2 protein chains.
Amino acid sequence: MAAKTADATWRERAQRVVPGGMYGHLSTRLLPDSYPQFFERSSGTRIWDVNGNEYVDYMCAFGPNLFGYGDAEIDDAYIAQLGIADTMTGPSPVLVKLAEALVAHISHAEWALFCKNGTDATTAAVMAARAATGRSTILRARGSYHGTSPWCTPLQAGTTKEDRSHQIYFDFNDIASLAAAAAEAGPDLAGIIATPLNQHAFLTQQLPTAEYAKAARKICDERDAYLITDEVRTGFRCSRDGLWDDLGAPPDFSAWGKVLANGHSLSVLLGSARARAGAEAIFVTGSFWFSAAPMAAALVVLRRIRETPYLETIERIGTQLRTGLGEVASRHGVGFEQSGPVTMPLWKFADDPDLRAGFFWCSEMLRRGIYTHPWHNMFINTAMSEQTVAATIVAADGAFGALTASRSQLGPNLKLSALLSRA
Amino acid sequence: MAAKTADATWRERAQRVVPGGMYGHLSTRLLPDSYPQFFERSSGTRIWDVNGNEYVDYMCAFGPNLFGYGDAEIDDAYIAQLGIADTMTGPSPVLVKLAEALVAHISHAEWALFCKNGTDATTAAVMAARAATGRSTILRARGSYHGTSPWCTPLQAGTTKEDRSHQIYFDFNDIASLAAAAAEAGPDLAGIIATPLNQHAFLTQQLPTAEYAKAARKICDERDAYLITDEVRTGFRCSRDGLWDDLGAPPDFSAWGKVLANGHSLSVLLGSARARAGAEAIFVTGSFWFSAAPMAAALVVLRRIRETPYLETIERIGTQLRTGLGEVASRHGVGFEQSGPVTMPLWKFADDPDLRAGFFWCSEMLRRGIYTHPWHNMFINTAMSEQTVAATIVAADGAFGALTASRSQLGPNLKLSALLSRA
């Protein structure tokens, strides 16, 4: 009998004291069996599982890692502020400095309201739009993820139908669908919430057209409603500004999180001058929303975003990766689809409805030291280099070869079938 | 013309880039005019405002500060873990160790689900109770604070009436009121949520009777519903265990936060064996819910709670303070009411409906270097000592004297009148 791995031991312990053994987006329940659940250490673009295996991590903690895990300058700023003040009876001036830096940097932003979760920011935006208009109906893109509050969590368990009242769905990038939803809302339209690009799990990623973004802006202008973009995942990964600012459709509210302090707990709702009254009318707060240490870290992040070619770096790395993977997949004759911005890629195989090929290929990549995801978009960070890309291409070459040799023998993907059949 | 203070300058800057100049529970909008908005530094039981004034801080960051600001051992554990791993693509074993420590320590706890805000934990508890029962109705105590999600935020702005559907209110500590609410819920009763003790802002604090707590437990047992206690504010401040465990009414779910990592961002939903299925059914998560550094800090906090006389310390300090303040108030012939546990006191003046005396007295205390709150409960921490109490009594002596001299001339409290007239 093989010795039990450390990961298996930790899973057993977790099974006893954590719901389902692990919960939320970090559960491996819907990942290949070979994927480890527990990690011991991280540095730069690498993670080490509890079995001692080292990986290049294309998940970047599902987004927060933009400048590399454990970036010294960012963490030093955190630690220095922690030694002065963090969670107090009142805010520190660091909060004002960070709000000023965000307002100076993001085109549509005139104010900032800090919180902890991305969900805190999206929920506050919906509340503020309702408070500002005195109306209730929110239009949202079908399938878009905005967090796990009862109004938005992607599973229905534990929610009531009233939690989703006053919501009308439209199809991302579909102006006619958006217009129909707005017409259905009638005089009760409070706002429109959308991710700036389509980043649905399991699906081909889709960039917005400027026409679509502007149509959303125009509806809000004409109806005196509020436009909300959910930048929690996209923020600073594809632009130094708001993505819809770039498209000529500046939102009234935008929700940000994840990369904001490079992994330290911080999110923020930004808003335009016209959106301020709504934000001032609602009561939202949290025990740690004013903590100064993550804000000190975010000031460093924001300076890097302003002053360094970080964006050009991740775009160059992402482009090299996309090109290299395309070439090697083509050489193997494998239908390999790469969608989304190069800095936030999602990879799928052609003719792979239950992702059995994707699961097999990811497992082969994992064996070769590359942590990729079979159905969620990934992320590029600035700690990656041409060497990272080269190592990934070598691993992909091997993994494509293994897939080609085994594909006809692959059995159905039982892990995903239950979920996909429900969707 | 007097030179502008640093606090005034920061307020002006904040007014431009923060909704309302400041938001949430740390806004000074409903505090005396002399109260500073911004703080530069904290250490032990003290805070320093941006004008350079030093205060003994009885607010303890509204709860998180239990072992003193900047506790070296706790913060060192945080920093050490930050150097290894914090927010990653998967959880660290630290999560399992902390879940095990909580399960071993809290009587009713069989599992732990970590999150960031107290609101995250209370909201997940309500969702899990609904998921477990397939029913919707939640009973809640009138006026109790459970966070700022649309289902519970104390102001209505930005919420819809559907956000509060399936909720029935009862009066805290009133068994007949609770029974009536349960009867009204009928077969749709999913659960009961309550703070373990009555800690409403503005009101005299009230300890629960064991009969009341047991009545809530009995209703849930008889109706196959779930009992939820919101320990976010009370946790570890009045007991080493759950407060209703002590009363013989162990809950199915309990929500904790604030002190859990002594100011680092962490909250947790704990639950009984029977509550596990509900927690496993719902989908809740957050970008930073699995971050390891706050959990490493919480392991130190929990060891202190188990192994040191911290509770006896804060109870001794709290008792000395209550006795000393009572004596000096009585000497001044002032009706001064101290309610709540000695470790979580709330102070009010007799015949002071608009709190004009409370505001004046708190301002006088502030001038004397003691930061107290005129309408919210305060907290005792272990960094306080007999010297802290003695200094507070000296300040109170002066402040009571000033109040007695000025009370007949005090004008109405305009700051609070608008709020209180709405309530």
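Residues numbered from 1 in each chain as written. Chains lettered and ligands numbered in written order. Predicted model: local features only at pLDDT ≥ 70, side-chain atom pairs only at ≥ 80, totals over all residues. Heavy atoms only, no water.

Draft legend 1. Just the packing of helix α2 (residues 72-84) of chain B against helix α9 (residues 292-307) of chain B, in detail. Residues and elements named next belong to chain B. Viewed as axis vectors pointing N to C, α2 and α9 meet at an angle of 150 degrees, and their least axial separation amounts to 7 Å. The angle between α2 and α9 places the two elements in the roughly antiparallel class. Crossing of α2 against α9: the hand is right-handed. Across the interface between the two elements, Glu73, Ile74, Ala77, Tyr78, Gln81 and Leu82 from α2 touch Ala292, Ala293, Pro294, Ala296, Ala297, Val300, Val301, Arg303 and Arg304 from α9. The residue inventory of the contact of α2 with α9, partitioned by class, reads 11 nonpolar, one polar and three charged. (Axes fitted to C-alpha atoms, helices over the stretch in contact; angles between N-to-C directions. Helix = DSSP H or I, 4+ residues; strand = E, 2+ residues; numbered from the N terminus. Parallel < 35°, antiparallel > 145°, perpendicular 65-115°, else oblique. Left-handed = near helix turned anticlockwise from the far one by under 90°. Contact = heavy atoms within 4.5 Å. Nonpolar A, V, L, I, M, F, W, Y, C, P; charged D, E, K, R; others polar.)

Draft legend 2. Up close: the sheet that holds strand β6 (residues 167-170) of chain B. Residues and elements named next belong to chain B. Spatial ordering of the open sheet is given by β4-β10-β9-β8-β7-β5-β6, a layout of seven strands whose pairing is mixed. This sheet does not close on itself; its edge strands, each paired only once, are β4 (111-115) and β6. Each adjacent strand pair in this sheet contributes to an overall mean axis angle of 20 degrees, direction not counted. Against the sheet, helix α6 (residues 210-222) touches β6, β7 (189-194) and β8 (226-230), its axis set at about 160 degrees to β7. (Pairing = 2+ DSSP bridges.)

Draft legend 3. Here's a closer look at the domain arrangement of chain A. Residue and element names in this part refer to chain A. Domain annotation of chain A identifies domain 1 (6-62 + 309-422) and domain 2 (72-307). For domain 1 versus domain 2, the distance between C-alpha centres works out to 28 Å. Counting from both sides, the interface comprises 26 residues of domain 1 and, opposite them, 20 residues of domain 2. It is Tyr310, Met344 and Trp375 that lose the most area in domain 1 upon contact with domain 2, and together they represent 28% of the buried surface on that side. Joining domain 1 to domain 2, the criterion identifies one salt bridge. For arginine 240, the salt bridge identified is with glutamate 312, shortest N-O distance 2.9 Å. On inspection of domain 1 and its partner domain 2, the count reaches 10 residue pairs in polar contact (both at pLDDT 80 or more). (Domains from an automatic or database assignment. Buried area = accessible area lost by both parts, 1.4 Å probe. Salt bridge = Lys/Arg side-chain N within 4 Å of Asp/Glu carboxyl O. Polar contact = N/O pair within 3.5 Å; in protein donor to acceptor, adjacent residues only side chain to side chain.)

Draft legend 4. How the structure looks around the pairing of strand β5 (residues 137-141) of chain B. All names here are of chain B. Most of β5 sits inside the fold, with five of its five residues counted as buried. Where β5 and β7 come together, four bridges link them in parallel fashion. Bridged to arginine 140 within β7 is isoleucine 193. As judged from the four bridges shared by β5 and β6, these two strands associate in the parallel manner. Looking at β6, one finds that alanine 141 is bridged to phenylalanine 170. (Buried < 20%, exposed > 50% of the residue type's maximum accessible area, 1.4 Å probe, protein only.)

Draft legend 5. Structural view of the pattern of salt bridges. Residues and elements named next belong to chain A. According to the stated counting rule, one finds 42 salt bridges over all chains in the structure shown. The salt bridge involving glutamate 364 is made with arginine 368; its shortest N-O contact spans 2.7 Å. Of the residues examined, glutamate 364 reaches a relative accessible area of 11% and is grouped as buried. Relative accessible area serves as the criterion here: at 32%, arginine 368 is assigned to the partly exposed category.

Draft legend 6. Fine view of the side chain of serine 27 of chain B. All names here are of chain B. Among the structural elements, serine 27 can be located in the loop between α1 (6-17) and β1 (39-43). Among the polar contacts made by the side chain of serine 27, one reaches the main-chain amide nitrogen of arginine 29 at a distance of 3.1 Å. Apart from residues lying up to four places away in sequence, serine 27 is in contact with Met22 and Gln37.

Draft legend 7. Summary view of the sheet that holds β1 of chain B. All names here are of chain B. A sheet is described by the order of its strands in space; here four strands give the open sequence β1-β2-β3-β13, paired in mixed fashion. Two strands close off the open sheet at either side, each with one partner strand: β1 and β13 (370-371). In this structure, strand β2 (residues 46-49) lies alongside strand β3 (residues 54-57), joined through three bridges in antiparallel fashion. Counted as the bridge partner of arginine 46 is valine 56 from β3.

Draft legend 8. Inspection of the interface of chain A and chain B at higher detail. With 97 residues of chain A in contact, the opposing surface of chain B contributes 97 residues. The largest contributions to the chain A side of the interface with chain B come from Tyr23, Thr89 and Phe283 of chain A, which together make up 10% of the buried area. Linking chain A with chain B are two salt bridges. For the salt bridge of arginine 13 of chain B with glutamate 100 of chain A, the shortest nitrogen-to-oxygen distance reads 2.7 Å. Remark: the boundary between chain A and chain B carries 39 residue pairs in polar contact (both at pLDDT 80 or more). Every element with two or more residues in the side of chain A that touches chain B is listed here: α1 (6-17), β1 (39-43), α2 (72-84), α3 (93-105), β4 (111-115), α4 (118-133) and α8 (276-281) of chain A. The element best represented in the side of chain A that touches chain B is α3 of chain A, accounting for seven residues. Of the residues belonging to the side of chain A that touches chain B, the class tally is 51 nonpolar, 28 polar and 18 charged.

Draft legend 9. Examining the relation of the copies chain A and chain B more closely. Of the transformation placing chain A onto chain B, the axial shift is 0.0 Å and the rotation is 180 degrees, giving an RMSD of 0.0 Å. Look at the turn and shift together and you get a two-fold axis relating the two. Comparing contact sets, 100% of the residues at the interface of chain A also lie at the interface in chain B, consistent with an isologous, same-surface contact. (Least-squares fit on C-alpha atoms with pLDDT ≥ 70 in both.)

Draft legend 10. Region of the structure containing unusual backbone geometry. Residues other than glycine seldom take positive phi values, yet phenylalanine 62 of chain A does so here, at roughly 65 degrees. Classification of phenylalanine 62 of chain A by relative accessible area gives buried; the value is 7%. For histidine 166 of chain B, which is not a glycine, the phi torsion comes out positive at approximately 60 degrees. Among the structural elements, histidine 166 of chain B can be located in the loop between β5 and β6. Relative accessible area serves as the criterion here: at 27%, histidine 166 of chain B is assigned to the partly exposed category.

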